[in-house]
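These are the residues of each chain, in order.
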Amino acid sequence: EIKFRPNTPMGILSSVKIETQNDAHDAHSIKMYKTQEQKLNELHGKGIKTCPDFGKIYAYLDQGELPNDTDLARKVVIEAENYAIRDGTLYHLYRPRTKRIDRVMATVSQICIPKQFRELIAQQLHDNNVHIGFDRLYETVRARFYFMNMCAYLHEYVITCLDCQQCKREIH
């Protein structure tokens, strides 16, 4: 057994009692979290299937269905290489750009956001996050989510935010 000095960070952490997973409260919290996650996946699945931006890609990846239009079908097949479905959720896969060729970057999985949830994402990450500016908002959203014309949409959302217009200084 390793003993740490009592007033150091490791000493404090080592003295914390870890509760077991058998605790009824923890089990209830985990069950609630899984239920919310399942509801979110269900909503995402319904929204993504009907979304004009991602519906055709999802149908192709999930069931192999292609549109009847040959040009549109070709476009879907080419675009589908950048997407994957995991647990019913559509992800956009991309590699961050780098100037150094020798530097290997991991592939980033971004959750594809259907049109009806885009405003909610922008609202939650901008309005409920001290009205951060466009650059920080874009980097935050881009790290986790993807949707068509995301940069333009978020820029428009930030510059039309009434609170930001009233309280923040003008940008040149």
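Residues numbered from 1 in each chain as written. Predicted model: local features only at pLDDT ≥ 70, side-chain atom pairs only at ≥ 80, totals over all residues. Heavy atoms only, no water.

## Here we look at the sheet that holds strand S3 (residues 108-112)
Reasoning step 1: With mixed pairing, the four strands of this open sheet are ordered in space as S1-S2-S3-S4. Edge positions in the open sheet fall to strand S1 (83-86) and strand S4 (145-146), since each of these has one partner strand only.
Reasoning step 2: The pairing of S1 with strand S2 (residues 89-94) spans four bridges and is antiparallel. For Tyr 83, the partnering residue across the bridge sits in S2 and is His 92.
Reasoning step 3: The strands that helix H3 (residues 55-63) touches are S1 and S2; relative to S1, the one it contacts most, it runs at about 60 degrees. (Pairing = 2+ DSSP bridges. Helix = DSSP H or I, 4+ residues; strand = E, 2+ residues; numbered from the N terminus. Contact = heavy atoms within 4.5 Å. Axes fitted to C-alpha atoms, helices over the stretch in contact; angles between N-to-C directions.)

## A word on the pattern of salt bridges
Reasoning step 1: Counted according to the given criterion, the structure contains three salt bridges.
Reasoning step 2: With its nearest N and O atoms 2.8 Å apart, the salt bridge here joins Asp 53 to Arg 118. Of this pair, Asp 53 sits in the loop between helix H2 (24-50) and H3 while Arg 118 sits in helix H5 (residues 115-127), and the two are 65 residues apart along the sequence.
Reasoning step 3: The salt bridge involving Arg 74 is made with Asp 71; its shortest N-O contact spans 3.3 Å. Of this pair, Arg 74 and Asp 71 both sit in helix H4 (residues 70-79), three residues apart, which is roughly one turn of that helix.
Reasoning step 4: Of the residues examined, Arg 74 reaches a relative accessible area of 48% and is grouped as partly exposed.
Reasoning step 5: Residue Asp 71 is classed as exposed on the basis of its relative accessible area, which comes to 53%. (Salt bridge = Lys/Arg side-chain N within 4 Å of Asp/Glu carboxyl O. Buried < 20%, exposed > 50% of the residue type's maximum accessible area, 1.4 Å probe, protein only.)

Keep in mind these values describe shape, not function.
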